[in-house]
Amino acid sequence: MSPSTYQPNVPAYTVPGLKPDTAAEVIFLLQDRLNALNDLALTLKHVHWNVVGPHFIAVHTMLDPQVDSVRVMVDDVAERIAALGGSPLGTPGALVRQRDWDDYAIGRADTHTHLAALNVVYGAVIEAHRAAIYETEKADPVTQDLLITQAGHLEQFHWFIRAHLETDTGTPANQEGHDEKAAAERGRNGTATRVQEARQTPAPWRGGPRAGGR
């Protein structure tokens, strides 16, 4: 995720020890991170409202703390932009104008469908966060430190999502999905396959073997 149309002005002032033109470059990167985090918080809440099916309560309750944490990240990034002399843009219109990705496309759906899509969403946000970390290493270590801390939390949340999708061999159910829709379809198909296998395999309390021989 990278900025498209937003071009920051060189601030009239910035933090001591940082040149205004360098601050403008950092503000540019942070505005993109602000947009991505705002979008992520809204997407996570959307999934929280729309997830259904098996493991509903586990996923439903897992997402709210992530929403809260990402909203704190949004506030921290916005305040860093302001501290650098910039003007953080947090309106819905600004987000839509500046982003170069589409809206999350899945509505009411089962847990694996949403988790497969969120796996891709988190991956994209983290990848862009890491790119911003590299970009700010020399330009502004204070901003870099902020982004590093956030990336650690985002990677933990991504692990929570991924763990729901993995088999006991560590293979994600949506490993062939490269975007949200494809990943969601893969997750949906994985769920359907497991349901079909469960229907065909006698339950252990009915005298049959456990699925997978366990």
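The structure under discussion appears in the preceding block.
Counting from 1, residues in each chain are numbered in the order their sequence is written. Only residues with pLDDT of 70 or above have their local features reported here, since the model is predicted, and side-chain atom pairs are shown and tallied only from 80 upward, although totals for entire chains, interfaces and linings are computed over all residues. Values reported for side chains reflect all heavy atoms of the structure, with hydrogen atoms and water molecules removed beforehand.

## Some thoughts on the overall build of the protein
Reasoning step 1: When helices and strands are counted, the protein shows six helices and two strands.
Reasoning step 2: In this text, helices come from DSSP runs of H or I with a minimum length of four residues, and strands from runs of E with a minimum of two, each type numbered from the N-terminal end. Counting from the amino terminus, helix and strand elements in the protein follow one another as α-β-α-α-β-α-α-α.
Reasoning step 3: Buried residues in the protein amount to 43% of all 214 residues.
Reasoning step 4: The contacts in the protein between residues at least 6 apart in sequence include a share of 74% that link residues at least 24 apart.
Reasoning step 5: Residue-level accessible areas treat just the shown protein chains as cover; the underlying method is Shrake-Rupley with a 1.4 Å probe. With the model as given, the accessible surface of the protein reaches about 11,500 Å², and the carbon-plus-sulfur share is 54%. Here's how the labels work: a residue is buried when its accessible area is under 20% of the maximum for its type, exposed when over 50%, partly exposed in between, all with a 1.4 Å probe on protein chains only. Contacts are assigned to residue pairs that have any heavy atoms within 4.5 Å of one another.

## Some words on the pattern of salt bridges
Reasoning step 1: Here, a salt bridge means any side-chain nitrogen of Lys or Arg that lies within 4 Å of a carboxyl oxygen of Asp or Glu. Under the criterion given, the structure shown has seven salt bridges.
Reasoning step 2: Among the salt bridges present, the one from Arg99 reaches Asp39, with a minimum N-O distance of 3.4 Å. With Arg99 in the loop between helix H3 (92-98) and strand S2 (109-110) and Asp39 in helix H1 (residues 20-50), this pair connects stretches of sequence that are 60 residues apart.
Reasoning step 3: Under the relative-accessibility criterion, Asp39 is labelled buried at 11%.
Reasoning step 4: A salt bridge links Arg99 to Asp103, with the nearest nitrogen and oxygen atoms 2.8 Å apart.
Reasoning step 5: In the salt-bridge network here, residues are joined through shared partners; they are Asp39, Arg99 and Asp103.

## A short note on the packing of H1 against helix H2 (residues 56-83)
Reasoning step 1: Inter-axis angles, ranging from 0 to 180 degrees, are taken between N-to-C directions of lines fitted to C-alpha atoms, where helices are fitted over the stretch in contact. The geometry of H1 relative to H2 is characterised by a closest axis approach of 9 Å and an angle of 160 degrees between their N-to-C directions. Considered as vectors, H1 and H2 are oriented roughly antiparallel to each other. Between H1 and H2 lies a crossing of left-handed hand.
Reasoning step 2: Along the lines of polarity and charge, the residues of the contact of H1 with H2 split into 16 nonpolar, five polar and four charged. Here the word oblique covers every angle except those under 35 degrees (roughly parallel), over 145 (roughly antiparallel) and from 65 to 115 (roughly perpendicular). Crossings are assigned a handedness: left-handed for a near helix turned anticlockwise from the far helix by less than a right angle, right-handed for a clockwise turn. Residue type decides the class: Asp, Glu, Lys and Arg count as charged, Ala, Val, Leu, Ile, Met, Phe, Trp, Tyr, Cys and Pro as nonpolar, and the leftover types, Gly among them, as polar.

## Structural notes on the side chain of His158
Reasoning step 1: Note that His158 resides in helix H5 (residues 141-165).
Reasoning step 2: Those residues in contact with His158, other than ones at most four positions away along the chain, are Asn119, Tyr122, Gly123 and Ile126.

## Some thoughts on the packing of H2 against helix H4 (residues 111-139)
Reasoning step 1: Contact geometry for H2 and H4: axes closest at 11 Å, N-to-C directions at 30 degrees. By the angle class used here, H2 and H4 are roughly parallel. Both H2 and H4 take part in a crossing whose hand is left-handed. On the side of H2, the interface is formed by Phe56, Val59, Met62, Leu63 and Gln66, while H4 contributes Thr111, Leu115, Leu118 and Tyr122.

## Details of the packing of aromatic side chains
Reasoning step 1: Working definition: rings of Phe, Tyr and Trp (its six-membered ring) pair if their centres are within 6.5 Å, and the pair is stacked with planes under 30 degrees apart, edge-to-face with planes over 60 apart, and tilted otherwise. Inspection of the entire model under this criterion finds two aromatic pairs.
Reasoning step 2: Aromatic pair Phe157 and Phe160: ring centres 6.4 Å apart, planes at 45 degrees, arrangement tilted. Residue Phe157 and its partner Phe160 are both found in helix H5; the two are separated by three residues, about one turn of the helix.
Reasoning step 3: Looking at Phe157, the relative accessible area reads 8%, which means it is buried.
Reasoning step 4: Classification of Phe160 as partly exposed rests on a relative accessible area of 28%.
Reasoning step 5: Members of the aromatic cluster, connected to one another through ring pairs, are Phe157, Trp159 and Phe160.

## Observations regarding the nonpolar core
Reasoning step 1: By convention a nonpolar core is built from buried Ala, Val, Leu, Ile, Met, Phe, Trp, Tyr and Cys residues, the set being connected through side-chain atoms within 4.5 Å. In this structure, Leu40, Leu44, Leu63 and Leu154 are the most contacted members of the largest nonpolar core, which totals 44 residues.
Reasoning step 2: Those elements giving two or more residues to this core turn out to be H1, H2, H4 and H5.

Bear in mind that shape data such as this cannot, by itself, settle questions of function.
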